[in-house]
Every structure is written in structure tokens, then in C-alpha cells.
Amino acid sequence: MKNPGRFLQLSVTLLAAAFLLVPTIQSVLAGLTVNYFQGLRSGLTLNWIFVVWDLYSSSIFLSLGIALACLVVTLIIGVPAAYAMARNPGRLTRALEEFISLPLAIPGLALALALLQLYGTYKGFRLSWTFILVGHVLYTLPFMVRSVLSVLAAIDLKTLEEGAASLGAGPARRFIDIVVPNALPGILAGALTVVTLSIGEFNLTWMLHTPYLKTLPVGLADSYASMRLEIASAYTLIFFVMIVPLLLAMQWASARAQRITQ
Amino acid sequence: MSSRLFVALCLVPLAVFALAFLALPIVRLILASGEGDAGWAIYWQILQTPRYLTTLIQTVVVSIAVTLAALAVSTTAGLFLTRNRFRGRAVLLSILTLPLAFPGVVVGFMIILLGGRQGLFNALLPGHVVFAYSIFGLFLGYLYFSIPRVLLTVMAAAEKIDPSLEEAARTLGAPPHRVVIDVLIPALAPALIAAGAIAFATAMGAFGTAFTLATNIDVLPMVIYTEFTLSANIAMAAALSVLLGIVTWAMLFLARTFSGTTVAAGG
């Protein structure tokens, strides 16, 4: 290469990519190798995946269930709220958005402690999966609200609604027939973000979970601490297979929604 | 139903949820921090007890180191990827943003695979090269999840820089390093401050990564966790949480002031 500066830049970029990629490849290989310590010579196997499935499949299903429930709740709370905020832009709306975004700024551990302080003694609630759900909704809701709000703020909501109103559509009808269809790209991007983040959430969940309710990342932490490397890796591999397509879909949907707002 | 009433009703679910599960718990946490033997002097106690003070300093030092390293690496890579179009660029970009969806525990495991007892470095190099559970391992773990976050912020800003500014500087005879110092860095400054604040806040609050790696290292989230679970020192756990929350919130507020976006804190 002619330019030494460019060569240095390329080296740094490739080194950073290697730093991020190499351990993920190691993890995939270790999860499929008979004995990682002996290396690939010991042969490839799917056995560790089956072992993980026996040990942890309930945690995988719990995570999927909580992610879907979290999606439903964030849709019910987030979409109408984003609509109301788009209709009343101003300082109050900014303050509200800032407030509900606090869970992005305050570490999950601190939020979980706060929830435990207030609700820890209500055993029926504390010991049920809905307690974990509350934590996940708290953390993912701002993403749904912001995603929908940014799309609604970019379209001429007022003119569209006035048109529908002059044809006799009431406010609820307008919300369903005008607002929701126009907000769909934002809702899709928000929904994928909510599911991706909920499946991977650990910081809140570790404090909120009970021994009978372990989510996927809680199970991962458990396997890292107490299982052999092959099992931990196979479990991580299952997690990657779930999360990577979701992440790619989320990035695609977010880019698509962003094009509308520009 | 009037339109006004309908719009107001749309906010009710959010208001109820935010009040019950965000506002009230935070108030409860703040009150709990003052309910120990020391009362509100507990915040003074944090600064006077060597263990807490060392933890605080250690956490801040690691977070600053990670922030500087992530800024250096991600700005270099981000500028390179914005300026150059080549085959494999999209793949490289995907690799560099992939860890965004990794929970902190998984990031910790990635560092164990690199620097643990069965790790890559211990296998390739003679002697025992195990660094996963040291402060250096923690630094690498934090760097792992900071690189993608900083990269995205820097690239978004770099794409908006007018290339003619650089050309002008070059035509006027500026050597490459002067172009970087006089044109690129000032143009990127708001994004760099924002990205740095995000990286710092995320590192300060990272629990998952520390949980996997820092069994012998005192960083703030781990101390909060042990105060709460092992020592049952609720007031101190609450006070340290409040302190941590204020620091990370202030940093992210700073980030938002300098650039419109924030990437989720997590790790």
C-alpha cells in the first residue's frame, strides 16, 4: 500500500475485528468439539448441544415467552403513548421521554435493587415470572416509544387526521386506521429491538430471577460458572443462533425506519 | 369521545407503569440508602471507608482507560470504513457491530476463551498466559462491548463531514497529521465526546461482564452486588447504586447534549 497512514488504519480495523470475531469462532468450535482441550483432532460432535438442551431448554423457552410477553406489553403501552407524545410536542413531552428513558442510563443492577426494595415483600409477585417481565418492560419500553415517536414526528399527522375526521372518523378509528399503519416501520423496528434486548437481558434479570425461573442469559452465567467449557460454549452457540438473525433484522428495520424520518 | 380526551387516555398506561415501576421504586431506593445506622451520612461514609473509596477509584480508572482505548480504536476503524469502499467492507462492519446484542456475561465468556486457563493465548504461547480474571481481562471485556457502540456514533458523524474541507486543507499543503488534528478531530469532537461519555457510563455500570470475570476485583457493580446479597448491607448497596446511577445518568445526559443519540447501556 502506498500510504503508510492508510495501512495503519487498515491494521487497526482488522485487529479490532479479529478481537471481536476470534472468541466467537472459538466458542462455536468449542461447542461442537468432542474435547476442546485436545482440540479439533478429537472430532466434531453435536452431543454438547443435546446436553445443553436437556439441562437448559426450559430457560430458553422461558426467555422466548418473556420476550413475547414483553413485546405485547411494550406495544400496548408504547404505541398509544408515542401517539399522544407526537400529538403534543413540547417541553412536557420531552421531560416524559427523558424520564421513561432513565432505565437506559441507570445500570440494571440499580434498577433491580429499586424494584426489590419496593416489591420484594409481595411474594406472589416477587416469585412469579411477571416480576422479571416488569424489569424487561422497564428496560425495553423507551426503545419502542422512541422508535414509534420518531416515525410519527416525521409525518404530517395533523393533516392526515383532519382528513379522516372530516370524513367522520372518530378518534379511536383514526388511531387504528391512520396512526398505526403510518407508524408501522417504527413499530417493526421497535418490536425487533424489544425482542432482541429482552432475550439478552442479564443485569436486571440476575437480581430479579428465582431458582425456578432462569432465563437464557441467567442460564449462561450459570453454565460459565459451573459447567465444562464445551457445554458453556454449546449453550453460547445456541444463543448466537437465536440472537444474530434478530440483530441483523433489527438493524435492517431500524435503517428502514430511519430513512422515513429523514 | 372528544379527540383531546382520547389522546390523554393514550398516555394512561404509560403513566401508570412509569409511576408504579420506575418513579416509586427509585424514590424507595433513595430512601432506603438513608435507612442504615449512619443515616444520610452514609454517602460521606463511602468516601471515608478505604474499601469503597478504592473501589470507586478503581472503577473510574478502568472506565477511563476503556473509554480512551475504545475512542482510539473505533475512531481509526470508523474513519477508515467511512472513507474507503472495498470488498468485504460490509462484512467487516457487521463483525464490528455484532457484539451490540451480546449480554455482558457472554462478553465475559469471550474474554475467558481468549485469556482463560483453556484460552487461546494460554494454548499458543509458552508458559502460563492467563489474564481473563485480572484487571486487564476486565479492561478487555469492557473494550469488547465498547468498540461497537463508539464505532456507530463516530461513523454516523464521520459520514456528515464535508470531504471538501479535507481536500482544501490538503491543497493548501497540510501534511496528513495536520489534516487529522486541524480538520477531522474538530469536526468529530461532539461525536467523540458523546461516544466517550457512552463508553464511560457503560463501563461504570457493567455488571454482567464483571460478574463473569471480576471474582477477585472490586469494581462498583460487584461491590453493590456483594453488599446486597452476601453482607445484606441494604443501605450501603442502595447508596452505592444511587451514586452509580447519578454518575451514569449524568454522563449519558452529557452525551445527548453533544449528539442526538444514545446507544443502550448494558454490558
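About the cut-offs
- Residues numbered from 1 in each chain as written.
- Chains lettered and ligands numbered in written order.
- Predicted model: local features only at pLDDT ≥ 70, side-chain atom pairs only at ≥ 80, totals over all residues.
- Helix = DSSP H or I, 4+ residues; strand = E, 2+ residues; numbered from the N terminus.
- Buried ≥ 20, exposed ≤ 12 C-beta atoms within 10 Å, placed from the backbone.
- Contact = placed C-beta atoms within 7 Å.
- Axes fitted to C-alpha atoms, helices over the stretch in contact; angles between N-to-C directions.
- Parallel < 35°, antiparallel > 145°, perpendicular 65-115°, else oblique.
- Left-handed = near helix turned anticlockwise from the far one by under 90°.
- Nonpolar A, V, L, I, M, F, W, Y, C, P; charged D, E, K, R; others polar.
- Core = buried A, V, L, I, M, F, W, Y, C linked by C-beta atoms within 7 Å.
- pLDDT = per-residue confidence, 0-100.
- Expected span 1.5 Å × (residues − 1).
- Bend = angle between axes of the 7 residues up to and from the residue.

## Points about the overall build of chain A
- A count of helical and extended segments in chain A gives twelve helices and zero strands.
- Listing every helix and strand of chain A by position from the N terminus yields α-α-α-α-α-α-α-α-α-α-α-α.
- Residues counted as buried form 50% of the 262 residues belonging to chain A.
- Considering only intrachain contacts with a sequence separation of at least 6, the fraction spanning at least 24 residues in chain A is 76%.

## Structural notes on the overall build of chain B
- Of the regular secondary structure elements, chain B holds twelve helices and zero strands.
- Overall, chain B shows an N-to-C arrangement of helices and strands of α-α-α-α-α-α-α-α-α-α-α-α.
- Referenced to the eigenvectors of the C-alpha coordinate spread, the extents of chain B come out at roughly 75 × 70 × 35 Å.
- At a minimum sequence separation of 6, the contacts of chain B that also span at least 24 residues come to 75%.

## Structural notes on the packing of helix α5 (residues 104-115) of chain B against helix α7 (residues 135-158) of chain B
Residues and elements named next belong to chain B.
- Interaxial distance between α5 and α7 falls to 9 Å at its minimum, and their mutual angle equals 125 degrees. Between α5 and α7, the interaxial angle falls into the category oblique. Relative to α7, α5 is oriented so that their crossing is right-handed. Counted together, Gly 104, Val 107, Gly 108, Met 110, Ile 111 and Gly 115 of α5 and Gly 137, Leu 140, Gly 141, Tyr 144 and Phe 145 of α7 form the full contact between these two elements.
- A per-class count over the contact of α5 with α7 returns six nonpolar, five polar and no charged.

## Notes on the interface of chain A and chain B
- Facing the 59 residues of chain A at the interface are 66 residues of chain B.
- Split by residue class, the side of chain A that touches chain B holds 44 nonpolar, 13 polar and two charged.

## Topic: the nonpolar core
- If you look at the biggest cluster of nonpolar residues, it comprises 172 residues, and the most contacted ones within it are A:Ala82, A:Leu113, A:Val148 and B:Ile147.
- With 18 residues, helix α2 (residues 47-87) of chain A is the single largest residue contributor to this core.
- In this structure, A:Val148 is in contact with A:Gly78, A:Val79, A:Ala82, A:Ala183, A:Gly186, A:Ile187 and A:Gly190, ignoring residues within four places of it in sequence.

## Quick look at the confidence of the model for chain A
- Residues at a pLDDT of 70 or more form 99% of chain A, whose mean pLDDT is 92.
- When mean pLDDT is compared element by element in chain A, α2(A) scores highest at 96, while helix α8 (residues 157-166) of chain A scores lowest at 88.

## Section: the packing of helix α7 (residues 129-154) of chain A against helix α12 (residues 229-261) of chain A
Residues and elements named next belong to chain A.
- Where α7 meets α12, the axes come as close as 8 Å, and the angle between the chain directions of the two elements is 30 degrees. It follows from the interaxial angle that α7 and α12 lie roughly parallel. Relative to α12, the crossing made by α7 is left-handed. For the pair formed by α7 and α12, the contact residues are Ser 147, Ser 150, Val 151 and Ala 154 on the first element and Ala 257, Ile 260 and Thr 261 on the second.

## Description of the environment of B:Gln58
Residue and element names in this part refer to chain B.
- Its place among the elements puts Gln 58 in helix α3 (residues 50-83).
- In this structure the C-alpha to C-alpha distance between Gln 58 and Val 219, which are 161 residues apart in sequence, comes to 6.6 Å.
- If sequence neighbours within four positions are ignored, Gln 58 has contacts with Asp 218 and Val 219.

## Points about the environment of A:Ile60
Residue and element names in this part refer to chain A.
- Mapped onto the fold, Ile 60 is located in helix α2.
- A residue is classified by how many C-beta atoms lie within 10 Å of it, and Ile 60, with 20 of them, is buried.
- The spacing of Ile 60 and Pro 4 is 56 residues in sequence and 49 Å in space, taken between C-alpha atoms.

## A short note on helix α1 (residues 3-33) of chain B
Residue and element names in this part refer to chain B.
- With 31 residues, α1 should cover 45 Å at 1.5 Å per step; its first-to-last C-alpha distance of 44 Å lies within 8% of that length.
- Along α1, the sharpest kink reaches roughly 40 degrees, centred on Leu 19.
- Among the residues making up α1, those that are buried are Cys 10, Leu 11, Leu 14, Phe 17, Ala 18, Phe 21, Leu 22, Pro 25, Ile 26, Leu 29, Ala 32 and Ser 33.

## Observations concerning unusual backbone geometry
Residue and element names in this part refer to chain B.
- Phi is positive for Ala 232, close to 50 degrees, though the residue is something other than glycine.
- Mapped onto the fold, Ala 232 is located in the loop between α11 (220-229) and α12 (234-258).
- Residue classification places Ala 232 among the exposed positions, given that 9 C-beta atoms sit within 10 Å.

## Brief notes about the confidence of the model for chain B
- Per-chain confidence: chain B averages 90 in pLDDT, with 96% of residues scoring 70 or above.
- Listed scores for the predicted complex are pTM 0.91 and ipTM 0.91.

## Focus on the environment of A:Val218
All names here are of chain A.
- You can see Val 218 is positioned in helix α11 (residues 216-226).
- The exposure class assigned to Val 218 is buried, which follows from the 23 C-beta atoms found within 10 Å.
- Residues Val 218 and Gly 200, spaced 18 residues apart in sequence, show a C-alpha to C-alpha distance of 9.4 Å.
- If sequence neighbours within four positions are ignored, Val 218 has contacts with Ser 59, Phe 202, Thr 205, Trp 206 and His 209.

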